[in-house]
Amino acid sequence: MTTRPGTTTREPRTTRHHWWGRQPIGSLFALPYLVFVLAIFAYPLGFAVWIAFHDYFFTAPGVEVPKPFVGLDNFVTVLQDPQVLESFRNIGVFLVINVPLTVVLSMVLANALNAGIRWAAAYRVAFYVPYLTASVSLVGVWLLLFSSGGLVNAVLGPLAPDPSWLVSSSLAMPTIALYVTWKQLGFYILLYLAALQNVPRELHESAETDGANAWQRFLNVTVPGVRSTTVLVLVLAIITGANLFTEPYLLTNGGGPDGASVTPVLLIYQRGIQQQNPDTAAAIGMLLVIVVGVLSLAANRINRER
């Protein structure tokens, strides 16, 4: 096909798009995961929202009873409950300790491993093994270490706290925060190790030529180079920490002492399953989703502005 000088040809544009996209085979392969997300996440979340706005309670199979709409009554009840407010304060203490430690330690250790220290492979395995190990077995080790007659108190001697770590109202949640940081550190180290591979080595060489020492190169080259990974680590640490359940349930026997380590998710389990109040439990869950969303957006915004 010939065209006159000064004129251009236009490729025919397809204006009709099918709902399955341009690659039906790819959409077909993604369909099982979509069904999984809808069945395991989307439907329960939508049902929980519905429960939070109704007077809902469990009944025997086949029994139908009215579950009237109550508006914000469940949320008012939850916000006036001192135990609920205390659970959010406890998770705030946890996040203040866990999130900064997770970001700083995982970045520093990943940078050290990436620098080619001796026995780097052994260190990587050592950091990652706790993340893969079942929480129940690790909790048993920590109970032996931090119990009243444990190894830590034996080493500290007269400096050991009384009451001990996990039975002290002021030390229970910080101890749990340290445990979770140690257990999950290997996963975040791997994320940073992958990110450090994309930081050009020429930037480090140029900074070294300009007279920058190791600390200055870390602050001015490494930290900006892994900023996107830092955002990911922040968000994951906040979401994981806000959903804390297993550790306080096992380490402090369900949120003790006197509720000092109870968390919103643990309270949801206690209210919804043990006390048969799923409507207030769902309201706590909705509040937790809102708080986690706000914290994640704030962390993302602050880190990107820097």
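Remember, it's a predicted structure, so these values are computed and weren't measured experimentally.

Draft legend 1. Just the UniProt feature "domain: ABC transmembrane type-1" (unreviewed entry) in the protein chain, in detail. Here, the residues flagged by UniProt with the feature "domain: ABC transmembrane type-1" (unreviewed entry) are residues 88–299. Within residues 88–299, the helical portion is 75% and the strand portion 0%, while the C-alpha atoms at the span's ends are 18 Å from each other.

Draft legend 2. Spatial organisation of helix 12 (residues 264–274). Turning to helix 12, its buried residues are Pro-264, Val-265, Leu-266, Leu-267, Gln-270, Arg-271 and Gly-272. Immediately beyond the C-terminal end of helix 12, within one or two residues, lies Gln-276, with a positive phi of roughly 60°.

Draft legend 3. The arrangement of the packing of helix 3 (residues 82–114) against helix 9 (residues 214–225) in detail. Contact geometry of helix 3 with helix 9 gives a least axis separation of 12 Å together with a crossing angle of 100°. On the basis of the axis angle, helix 3 is roughly perpendicular to helix 9. Contact with helix 3, carried on its side by Met-107, Val-108 and Asn-111, involves Phe-218, Thr-222 and Val-223 of helix 9 and no other residues of that element. Its residues assigned to classes, the contact of helix 3 with helix 9 comprises four nonpolar, two polar and no charged.

Draft legend 4. Local environment of the packing of aromatic side chains. Considering all chains together, one arrives at 22 aromatic pairs under this definition. Both rings, one in Tyr-43 and one in Phe-47, keep their centres 6.1 Å apart while their planes meet at 5°; by these two values the pair is stacked. With a gap of four residues between them, Tyr-43 and Phe-47 both fall in helix 1 (residues 24–52), about one helical turn apart. Each member of the aromatic cluster is reached from another via a ring pair, and the members are Tyr-43, Phe-47, Trp-50, Tyr-56 and Phe-58. Cation over ring: Lys-67 sits above Phe-57, and NZ or CZ is 5.8 Å from the ring centre.

Draft legend 5. Fine view of the pattern of salt bridges. Within this structure, the stated rule accounts for one salt bridge. Where Arg-271 meets Asp-81, a salt bridge forms, and the shortest distance between an N and an O atom there is 2.6 Å. Remark: Asp-81 occurs in the loop between helix 2 (73–79) and helix 3 and Arg-271 occurs in helix 12; sequence separation between them is 190 residues. Look at Arg-271 and you get buried, because its relative accessible area is 10%.

About the thresholds
Residues numbered from 1 in each chain as written. Predicted model: local features only at pLDDT ≥ 70, side-chain atom pairs only at ≥ 80, totals over all residues. Heavy atoms only, no water. UniProt positions renumbered as here; feature names shortened; annotations may be inferred. Helix = DSSP H or I, 4+ residues; strand = E, 2+ residues; numbered from the N terminus. Buried < 20%, exposed > 50% of the residue type's maximum accessible area, 1.4 Å probe, protein only. Axes fitted to C-alpha atoms, helices over the stretch in contact; angles between N-to-C directions. Parallel < 35°, antiparallel > 145°, perpendicular 65-115°, else oblique. Contact = heavy atoms within 4.5 Å. Nonpolar A, V, L, I, M, F, W, Y, C, P; charged D, E, K, R; others polar. Phe/Tyr/Trp six-rings, centres within 6.5 Å; stacked < 30°, edge-to-face > 60°. Lys NZ or Arg CZ within 6 Å of the ring centre and 35° of its normal. Salt bridge = Lys/Arg side-chain N within 4 Å of Asp/Glu carboxyl O.

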